[in-house]
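Observations on the three-dimensional arrangement
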Amino acid sequence: VPLEETSLPLFFGWFLLPGIQDKVRCTSMDFLKTLDTLEAFKKHLPDFTVEAEKEVDLEQYFQANGALHCTTKFCDYGKAEGAKEYADKPAIKELYGSAFELSLSALFVTPRTVGARVSLSEDQLILWPADAEKEAVSVVPAAATLPAGSHAHITLGCAEGVEPQQTGFDLLEILALQQEGQEGELVEEMELGSLAYYGKGRWLLSLREPVSAQACFSSLYG
Ligand code: A2P
């Protein structure tokens, strides 16, 4: 492999600082711990898992993966489409290594993934690739019509055998339903916020107080 190709990272993104990583993980664990005890969750359990189980321990069900981050551009060491163009943008170079304050506005759970929705501000959208949502259309067709930044998320855990990339698709599916006017079935007001059910095992907790997370814009070579 020529050095030129290896000089691009696996991905660019915002990496949460250690203290806030712990806080986000705790919040997510609290949510999972509560969710699987709710009657509404138990009622929809067959949508969640195909196995004929009566209960599921969500904390065990999802495996945590690495340092918490919000991917901006997956480059695959230069093999991904548009990787070099992204890396060469002046804003990327200029803001590389800078600190940001991400706003985590919701947590979501599906039979495949658990994640946090990141609501990007105008200055954060500068780092967001223009085609990020369009790249997902083969999986989530309605993604093409969603506003830029809709795909922004933090993967908190994946079910066995599921790739982290799935988390963003799961979020886009929920946002597409919202855009079509489906507000989800309001299940319960929890301490953290309001919990809604979107069918097929998809749950969204809109946080009453968005979690503000300090993060560094950087890249991972992996
Ligand atoms: P995500 O950003 O949803 O968490 P991996 O460990 O599989 O190589 O992935 C490294 C990171 O890049 C993960 O954060 C992952 O998902 C993201 N990622 C992996 N593959 C893709 C892809 N094809 N498109 C966009 N992001 C990807």
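Above this note sits the structure.
Remember, predicted model here, so these are calculated numbers, not experimental data.

Some words on the side chain of H153
Relative to the helices and strands, H153 resides in strand β6 (residues 153-159). The exposure class assigned to H153 is buried, which follows from its relative accessible area of 10%. A polar contact is formed between the side chain of H153 and the backbone oxygen of H151, at a distance of 2.6 Å. If we ignore the near neighbours within four places in the chain, the residues touching H153 are H69, C70, T71, A116, V118, T167, G168 and L171.

Quick notes on the environment of S218
Structurally, S218 is set in strand β9 (residues 203-220). The sequence separation of S218 and S194 amounts to 24 residues, and the corresponding C-alpha distance is 33 Å. What S218 contacts, discounting residues up to four positions off in sequence, is F11, F12, G13, F15 and Y96.

Topic: helix α2 (residues 18-35)
The terminal C-alpha atoms of α2 lie 26 Å apart, and with 18 residues this matches the ideal 26 Å at 1.5 Å per residue to within 8%. Residues I20, Q21, V24, T27, S28, F31, L32 and L35 constitute the buried set of α2. Summarising the axial view, the buried residues of α2 lie within an arc of 135°, below the 170-degree limit, and thus occupy one face. Exposed residues pointing more than 90 degrees away from the buried face of α2 are listed as P18 and G19.

Remarks on the pattern of salt bridges
Side chains carrying opposite charge are able to pair once their charged atoms draw close together. Inspection of every chain in the model, using the stated rule, returns six salt bridges. A salt bridge links D88 to K84; the nearest nitrogen and oxygen atoms lie 2.8 Å apart. Placement of the pair is D88 and K84 together in helix α6 (residues 83-88), with a separation of four residues, close to one helical turn. With a relative accessible area of 38%, D88 lands in the partly exposed category. Where D170 meets R112, a salt bridge forms, and the shortest distance between an N and an O atom there is 3.0 Å. Remark: R112 occurs in the loop between β4 (99-109) and β5 (113-119) and D170 occurs in helix α9 (residues 166-179); sequence separation between them is 58 residues.

Structural notes on the state of the cysteines
The term disulfide refers to a covalent linkage connecting the sulfur atoms of a pair of cysteines. A full pass over the atoms with the stated rule returns zero disulfides. C70 takes part in no disulfide bond, and the closest cysteine sulfur to it belongs to C216, at a distance of 13 Å. Residue class for C70 comes out buried when judged on its relative accessible area of 0%. The closest cysteine sulfur to the non-disulfide-bonded C75 is located on C70, 14 Å from its own sulfur.

Some words on α9
In this model, α9 (14 residues) spans 20 Å end to end at C-alpha, consistent with the 20 Å of a helix rising 1.5 Å per residue. Counting buried positions along α9 yields 10 of 14 residues, so the element is predominantly enclosed. Here α9 has its buried residues at T167, G168, F169, D170, L171, L172, I174, L175, A176 and L177. In this structure, the buried residues of α9 make contact with β4, β5, β6 and β9. Count one or two residues on from α9 and you reach G181, which has phi positive near 100°.

Observations regarding the pairing of β6
Of all the seven residues making up β6, seven are buried; the element is thus mostly covered by neighbouring parts of the structure. Sheet topology note: the strand β2 (residues 62-63)/β6 ladder contains two bridges and is antiparallel. By the bridge assignment, F62 is partnered in β6 with A159.

About the cut-offs
Residues numbered from 1 in each chain as written. Predicted model: local features only at pLDDT ≥ 70, side-chain atom pairs only at ≥ 80, totals over all residues. Heavy atoms only, no water. Helix = DSSP H or I, 4+ residues; strand = E, 2+ residues; numbered from the N terminus. Buried < 20%, exposed > 50% of the residue type's maximum accessible area, 1.4 Å probe, protein only. Polar contact = N/O pair within 3.5 Å; in protein donor to acceptor, adjacent residues only side chain to side chain. Contact = heavy atoms within 4.5 Å. Expected span 1.5 Å × (residues − 1). Arc of directions from axis to C-beta. Salt bridge = Lys/Arg side-chain N within 4 Å of Asp/Glu carboxyl O. Disulfide = S-S within 2.5 Å. Pairing = 2+ DSSP bridges.

Read these as layout, nothing more, since geometry by itself doesn't imply function.
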